[in-house]
Amino acid sequence: MALSPVETPKVEEKVSSEHYEWSQWVLNAPDPPTTWHKLKGSVSNTISQYREMCFALRTRNGPKILLSFLGGIFPILHWAPNYSPTKFRNDLLAGLTIASLCIPQSIGYATLAKLDPEYGLYTSVVPPLMYALMGSSREIAIGPVAVVSLLLSSMIEKLTDPAIDPNGYRKLVFTATFFAGIFQAAFGVFRLGFLVDFVSHAAIVGFMGGAAIIIGLQQLKGLFGINHFTNKTDIISVMKSVWESVHHPWNPRNFVLGCSFFIFILVTRFLGKRNKKLFWLPAISPLISVLLSTLIVFLTRADKSGVNIVRHIKGGLNPSSINQIELNTPHIGALAKTGLFVAAVALTESVAVGRSFASMKGYHLDGNKEMVSLGFMNIIGCMSSCYVATGSFSRTVVNFTAGCETLASNIVMATVVIISLQCLTKLLYFTPTAILASIILSALPGLIDINEAYKIWKVDKLDFLACVGAFFGVIFASVELGLLVAVAISFTKIIWISIGAGTETLGRLPGTDLFCDVQQYPMAVKTPGVVIIRVKSALLCFSNANSVRERILKWITREDAKGKIEGTTGSIVQLVILDTSNLVSIDTSGIASLEELRKSLVSSGKQLAIANPRWQVIYKLKATNFVARIGGRVFLTIGEAIDCNLDF
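In this text the structure is predicted, and so the values were computed from the model without any measurement.

Visitor: Would you mind showing me how to read the packing of helix α13 (residues 252-274) against helix α14 (residues 280-300) here?
Guide: Relative orientation and spacing of two packed helices are given, respectively, by the angle between their axes and the distance between those axes. As a packed pair, α13 and α14 sit with axes 9 Å apart at the nearest point and diverge in direction by 155°. As judged from the angle between their axes, α13 and α14 are roughly antiparallel. In terms of crossing hand, the pair formed by α13 and α14 is right-handed. Between α13 and α14, the residues in contact are Leu257, Phe261, Phe264, Ile265, Thr268, Arg269, Leu271 and Gly272 and Leu281, Pro282, Ser285, Pro286, Ile288, Ser289, Leu292, Ser293, Ile296 and Val297, respectively. Among the residues making up the contact of α13 with α14, the classes are represented as 12 nonpolar, 5 polar and 1 charged.

Shown next, in the form of structure tokens:
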């Protein structure tokens, strides 16, 4: 029913009153908390949590208080009381399975780190036991990994040549491990895990792929039995070293032996993927390869015919290495840098692996607690002749597939390694180095993820640039430079996104009160004489303020020109509504650019209105009197801004 002329002004007056009230909600909002208040509130919340914890502890007796405190540090106290024989059976099978994979891999990774083979076995004892006490993941298998081993050796051998001074090199490795543990623990204690996130997923994909190729090239020394090989890790130096070795005598028996068992390992892996019940076959194939090849060399005395063998592996329990951690060395700065690099890579790999399997099992994994446990694990490890250990993806997959229930599988694995150190090291004297090379080579395909790189290319070209930068940086320069290139590209992407903050023109969707991008929704209708522009950035600051202002003015100039061509005054822009719903904050440069925009609009007879400003934004606009200079045209919604300015 149509409204009478008498009723219409009342309705208009009611609508205007409502709009005025909504605008006052925006303009009269309380002041947002300052940085000092936020810091104070954070400290207060932390203190209140401790108060609540202390109050809860008061209601308990002494043993319960102690158990609660220890349970927070050692999660094993939570699941151990409910441990059952069925779980132990599953963990025993899983532990034995990953031990059969761990022993040959650990020996190979130790040689990759330019350490004696026993140090790889040492690293598979203490760190897994420590993680079993402090870790919260149920599936992660702890030990040395290829990428960390390569990263350590590539950075530390620049300080000391392991071939000339093995004792000095070993001391630097333990010291770098100490720093890696300190950094990891600090990241967790101070909740700085977000710093690791600057190493993006795309960068890790490229870094892992490049590192896998470099590791593979490094294994050519063992596979071909080359005696003189470069210590550099870039592809040019490695290929040059391989080419030069062609002109020197080399024994093809190393190559034949290594390739034979390499093919054997790949075949067992293929069979394991085809038949899930044979998951144990690819897991034990490296150990079978070591045992069979050692037996062949021993029976045929192939070592006297030019086959390179491991020779002496020191047995016994982990010796103390506290006195080998040198904090007064002139290389302390370089070692701290090495520790930081290694800590970041190890944390990224371990936390990513742990979260992946935790999501499969349906439980939450606290990243900060993981960092603390990994940090203390490496701090204790460096004092017991271990180098940096972390969660291994390949061994974790085997552990998960074998049906592990708890971290007891790590305890079983460490126990088997201890038995091997006590009883089996003498039997490994004749193990050919070509077999260790083939075992490492067989683990590398899992580090090269071409499908993931292709997905990154399809989704985000800048991410792919970080991936490619890390890949080629590792291959043609060095491992640490490749990681630095990836981080630099990631930071450049952040800056690029900030500088390149775009704008979008909005229109009303027919039959609704929604305003959307007219390019994304072509059916959206523009309001004649009104331009609605939204800034596509959370921050209007010195890096993007001028570009945003210029884009807005160019768009308005284009709309005016279009209106003059059409010959209708209603098409010429008279009101510009700036939708600031995306803006979380604005700085003085952003406010200055808005002031310049206002002056440009006023000089051409146009008005500026602000719609839906966030708390920090409206506070700063009021503090600089910008709201007063635009005549108080600040509105809660775009629709309100249009309705209140229809009579301009």
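The rest of the description comes next.
Visitor: I would appreciate a short explanation of the sheet that holds strand β10 (residues 634-635) in the present structure.
Guide: In any sheet, the strands associate via hydrogen bonds between backbone groups, in a parallel or an antiparallel arrangement. Strand order in the open sheet formed by 6 strands is β4-β3-β5-β7-β9-β10, with mixed pairing between adjacent strands. A strand with exactly one partner marks an edge of an open sheet, and here the two such strands are β4 (515-517) and β10. As paired strands, strand β9 (residues 607-611) and β10 are joined by 2 bridges and run parallel to one another. Bridge pairing links Ile610 to Val634 in β10. Of the strands in this sheet, β7 (575-579) and β9 touch helix α24 (residues 588-603), which is tilted by about 140° from β9.

Visitor: What's the story with the nonpolar core in this structure? I'm lost.
Guide: When a protein is soluble and globular, its nonpolar side chains tend to lie buried together. The biggest cluster of nonpolar side chains holds 100 residues, and the ones touching the most others in it are Leu152 and Phe207. For this core, the element with the most residues is helix α9 (residues 166-189), which contributes 9 residues. Beyond its immediate chain neighbours, meaning those up to four positions away, Leu152 contacts Val173, Ala176, Thr338, Val342, Tyr387 and Val388.

Visitor: How should I be thinking about unusual backbone geometry in this particular structure?
Guide: Most peptide bonds adopt trans geometry, and most residues besides glycine take a negative phi value. Residue Lys114 is not a glycine yet carries a positive backbone phi of 65°. For Lys114, the position within the fold is in the loop between α5 (85-112) and α6 (117-122). Here Lys114 falls in the partly exposed class, since its relative accessible area comes to 26%. Notably, Ser385 is not glycine yet its phi reads approximately 65°, a positive angle. Note on placement: Ser385 falls in the loop between α16 (367-382) and β2 (390-392).

Reading the values: rules and limits
Residues numbered from 1 in each chain as written. Predicted model: local features only at pLDDT ≥ 70, side-chain atom pairs only at ≥ 80, totals over all residues. Heavy atoms only, no water. Axes fitted to C-alpha atoms, helices over the stretch in contact; angles between N-to-C directions. Helix = DSSP H or I, 4+ residues; strand = E, 2+ residues; numbered from the N terminus. Parallel < 35°, antiparallel > 145°, perpendicular 65-115°, else oblique. Left-handed = near helix turned anticlockwise from the far one by under 90°. Contact = heavy atoms within 4.5 Å. Nonpolar A, V, L, I, M, F, W, Y, C, P; charged D, E, K, R; others polar. Pairing = 2+ DSSP bridges. Core = buried A, V, L, I, M, F, W, Y, C linked by side-chain atoms within 4.5 Å. Buried < 20%, exposed > 50% of the residue type's maximum accessible area, 1.4 Å probe, protein only.

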